[in-house]
Amino acid sequence: MQSYPQTIDGQDCTIHFVVSSVDRWRFLEWVRQHAHRPVAVDTETTGLNYWTDDFRMRLVQFGTARTVWVLPVDRAEPWTQDHRQAVRDAFGILRHLVIHHARADVLFLARDMGMDPRRLWEVTTDTRILAHLIDPRGRDEGGIGHSLKALAASYVDPNAPDLAAELHAAFRAAGYTMSTGWARIDLRHPTYVRYSGGDVLLTARLYDRLAELVRARGQQRLADFEHTVARICAEMENRGFLVDVDYTCGLVDRLRAEEEAQTARARLFGVDSVHAPAQVAAALERMGETLTERTRTGAAKVDQAVLLALADRDHRWQRRGARDPNPLAEAVLRAKRAAKWRTSYADAILELHDAEDRVHPGIASLQARTARMAVSRPPVQQLPAGDHVIRRCFLAEPGHVIGSADYQAVELRVLAALSGDRRMIEAIHAGRDLHGYTASLIWGPEWTPYHRKLAKSVGFGKVYGGGAATLARQTGAPLADVERAVRAYDRVYPGVRRFSRRVVERARLGRPEVETVTGRILPVDRHRLYAATNYAVQSVARDVLAQALIDLDRKGLGEYLRLPIHDEIVFSVPRDEAHEIGREIADTMAVPDFFGVPLAAEVEIGGRSWGSLYEASDNAAAPAA
DNA sequence: ACCTTCACG
DNA sequence: ACGTACGTGAAGGTC
C-alpha cells in the first residue's frame, strides 16, 4: 500500500492509496470501525458532464480528520473491479457520510457506480449547505464563498498546502491540459492521490467546525430541510428536461442568419463588432445622435434601453412613433438579440443534451444570499419570456404536456404577511387585484391603467428598497407622479413602512443582518442596509417554494417536476390527466394561511412544448428572425 | 480579471 | 438627513 503523509493545521495525517486485496481488507476493516461515525467522502471524475458516455468516476476517497483511504475505481481500468465493489460495500456499511457539495458526488456515484441516490442522501451531511447557513455570501460579496478551498482556509487551516496548483503542474508535466488532465492523469500519480485525499481531510475538519456552528445557531432543522430540498432538486436535475433537437438545430440556423444579416447592416455604419459598446457609441455619434447616459465608469451607455429609444421602440419592441428610427440602433439591437439567444440558449442546448435528447440543467438549490436557487448549463430560469421560440426547444415526455404553476404576487403577499399590514391583508383576503386596489386608494375611483402600473412599480420598489428617483427612471413616469405615489403608498399601507423601518433599523443598530421567519440569518451590507427588507421577503418566498417541492415530493408528484423558477414550477404530465394533476400541484403549492395571508397558486396547462405557454398574446415581442 | 450587456423572477 | 431598486447565469470585448 502506498501511504502519504500530510500536515493539516499542524497535525500529522495519512493518505492511504488502496492497491492490493490486503489494502482493501484493511480499508473495509476501518470502514466497519467507523460505521457510525461521520466519514467524509469525495470523488474525482473525468469531468462534470455525468450524463455523457465517456464520463467516468476515477477515484473515491473516504476519511476522517486524520486518515484518508483513496480507492481507484476507473472502469476503463479492469484492475479496479474489486476496488469498485469495495466502495459499494463501504457505502453499505457507513451510516453517516459528509460530502462537500453532495449534489455532484451523489449524481456521479449513481451514474457510474449504480448507487441508490436516495439512500446516499438519507445518510449525507453536505458541508456546503452548512456553510451557506452560516454565511450565505459569495466571495465577491464580502463573504468566504462556498468552495471547499476557501471554506477550509477560513475555518480549518489558512496554510494548508495548495495541492490544486501542484496538480495542475502535474497535468502539464504529463502533457495534458487543464481540461484533459482530469480524464487522463494516472490514477496512481502521487500528486493526484494526495490532492484527492487532502480534500477529504479538509471536508472532515470543516464538518466538525460547521456542525458546531449550526447547532449553536439552532439551525439544525433548517439544515435538514435544505438537505431534503437538495435531494429533490438533484433528482429533478438527473431526470432532465427533454429537448427537441431537430427544432433547436433549425433555430440555430435561423438565429445565425439573423445575426449575420444585422451585423452586415451595422457594418455599413462603420461598426465592426456590435458587441463593442465604444464602437457603437462612436458610430451613433457620427450619425448625429446625442448619447446622454453614462456607465459606471463614465463611458457612453448604449444598452438595450438606449438603443430602443433611438430605434423608436418601447421596451416590448413596439413602434412608438416619436421619432425617425435610427437604422444602426435597430441593427445592433437585432444582431445582439439573435447572438444572445443563439449562444446562451440554442447552442447551449445542443452542446449539453445527452443521448436521450435530455438536458440536465445544474440546479443549485441553495445559492443566492437569500437562498434563492440558481440554474445553469443551460440557464433555463432565464429563457426569453416575451417570445416562445426558445422555450419551444423544451418538450414534455411523449404523451405528456407541459404545465406551469406559479404563486400570485408571492413577494407582495409575503410582505403583507410579515408586515401584518391590515389593509393589505384584507385586500388579499377579499381577492382584490392588489395593484388596482392600491391605485384606487391613492387616486380614488377614477384611477387609470397608468395609475395601476405606477402602483405596481411602487410595490416592487418597496420590496426592493428603491426610491422615487430610481422608480421614475425605471418606469419612465414623471418624477413628481412617482414621488406622490410613494408618499401615498406609505400612507395607505402604514404597516409595510413600519416593517421595513424595523428590519433596517435592527440591522443598523445591532448586528448587520436580518433574521427571517424561516430561521435564516442573512448578512446585510452596512452601506446597503435598505436591502434588508428585500432579503427578508425574497428569502421567505424562496423557502415557500422549497417547502412546496418537499410537499410535492411527499405526495408522489416528484416525477412530473422539471424546473423550479423562483415562484413557479414547470412540469410534464400525462395529457389525459393534465388538468387534474396540474390542479393537485397548484393546490399543494398553495399555503392557505401564511401568517394570516393566503398564498395562492395558479396552474396553466399547455401543449407538447414549453413554448406553447408563451405563444402569441398581447405580450409578443417582435420575431427574432 | 474586469466591464458591459442581456436573459429571467 | 437623505437615498440607494433585489437576486441570479452567461457571453463577448478589452486590457
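Named according to an unreviewed UniProt entry, chain A is DNA polymerase I originating from Longimycelium tulufanense. Looking at chain A in UniProt, the text filed under Catalytic activity (unreviewed entry) is "DNA(n) + a 2'-deoxyribonucleoside 5'-triphosphate = DNA(n+1) + diphosphate". The UniProt entry for chain A carries the following comment under Sequence similarities (unreviewed entry): "Belongs to the DNA polymerase type-A family."

Visitor: Summarise the sheet that holds strand β12 (residues 400-407); cite the residues concerned and give the values.
Guide: Pairing is antiparallel in the open sheet, where four strands are placed in the order β15-β16-β12-β19. Each edge of the open sheet carries a strand with a single partner, namely β15 (561-564) and β19 (601-605). Going from strand to strand, the sheet's axes swing by 20° on average, the running direction of each strand aside. The sheet strands contacting helix α23 (residues 578-589) are β12, β16 (568-574) and β19, and the helix crosses β19 at an angle near 160°.

Visitor: Kindly report on the packing of aromatic side chains, identifying the contributing residues and their values.
Guide: Enumeration according to the criterion identifies 15 aromatic pairs in this entry. With a centroid separation of 6.3 Å and 50° between ring planes, the pair formed by Y50 and F108 is classed as tilted. Taken together, the residues span a long stretch of sequence, with Y50 in the loop between β3 (39-45) and β4 (57-63) and F108 in helix α3 (residues 102-113) at a distance of 58 residues. A ring pair is formed by F394 and W610, whose centres lie 5.7 Å apart and whose planes are at 85°; its orientation type is edge-to-face. Taken together, the positions of F394 in the loop between β11 (374-376) and β12 and W610 in the segment after β19 put the pair 216 residues apart, joining distant regions of the chain. In this structure, F394 and W610 share a single accessibility class: buried. Its guanidinium or amino end placed over the ring of Y614, R391 lies 4.3 Å from that ring's centre, counting from NZ or CZ. Just above the ring of Y247 sits the side chain of R392; from NZ or CZ to the centre is 4.3 Å.

Visitor: Talk me through the environment of V540; I want residue IDs and the actual numbers.
Guide: Mapped onto the secondary structure, V540 falls in helix α22 (residues 531-554). Accessibility expressed as a relative area gives 1% for V540, which makes it buried. For the pair V540 and R372, spaced 168 residues apart in sequence, the C-alpha separation works out to 9.4 Å. When residues no more than four places from it in sequence are discounted, the contact partners of V540 are V414, T516, V517, T518 and F594.

Visitor: So what about the UniProt feature "domain: DNA-directed DNA polymerase family A palm" (unreviewed entry) in chain A? Which residues, and what values?
Guide: Per the UniProt entry, the sites bearing "domain: DNA-directed DNA polymerase family A palm" (unreviewed entry) are residues 387-577 in this numbering. Each end of residues 387-577 is marked by a C-alpha atom, and these two atoms are 27 Å apart; helix forms 55% of the span and strand 13%.

Visitor: Quick one: what's the story with the protein's contact with DNA strand C, residue by residue and with numbers?
Guide: In the vicinity of DNA strand C there are 34 residues, among which R377, G467, T470, Y530 and Y535 approach most closely. Protein-proximal atoms of DNA strand C, defined as those within 4 Å of the protein, fall in sugar or phosphate at a share of 69%. S273 is positioned such that a nitrogen or oxygen atom in its side chain is 3.3 Å from a phosphate oxygen of DNA strand C. R369 has a polar backbone atom sitting 3.1 Å from a phosphate oxygen of DNA strand C. Broken down by secondary-structure element, the contributors of at least two residues to the surface near DNA strand C are α14 (327-352), β11, α18 (449-464), α19 (468-475) and α22. Ranked by residue count, the leading element in the surface near DNA strand C is α19, at six residues. In terms of residue class, the surface near DNA strand C is built from twelve nonpolar, 15 polar and seven charged.

What counts as what
- Residues numbered from 1 in each chain as written.
- Chains lettered and ligands numbered in written order.
- Predicted model: local features only at pLDDT ≥ 70, side-chain atom pairs only at ≥ 80, totals over all residues.
- Heavy atoms only, no water.
- UniProt positions renumbered as here; feature names shortened; annotations may be inferred.
- Pairing = 2+ DSSP bridges.
- Helix = DSSP H or I, 4+ residues; strand = E, 2+ residues; numbered from the N terminus.
- Axes fitted to C-alpha atoms, helices over the stretch in contact; angles between N-to-C directions.
- Contact = heavy atoms within 4.5 Å.
- Phe/Tyr/Trp six-rings, centres within 6.5 Å; stacked < 30°, edge-to-face > 60°.
- Buried < 20%, exposed > 50% of the residue type's maximum accessible area, 1.4 Å probe, protein only.
- Lys NZ or Arg CZ within 6 Å of the ring centre and 35° of its normal.
- Near = heavy atom within 4 Å.
- Polar contact = N/O pair within 3.5 Å; in protein donor to acceptor, adjacent residues only side chain to side chain.
- Nonpolar A, V, L, I, M, F, W, Y, C, P; charged D, E, K, R; others polar.

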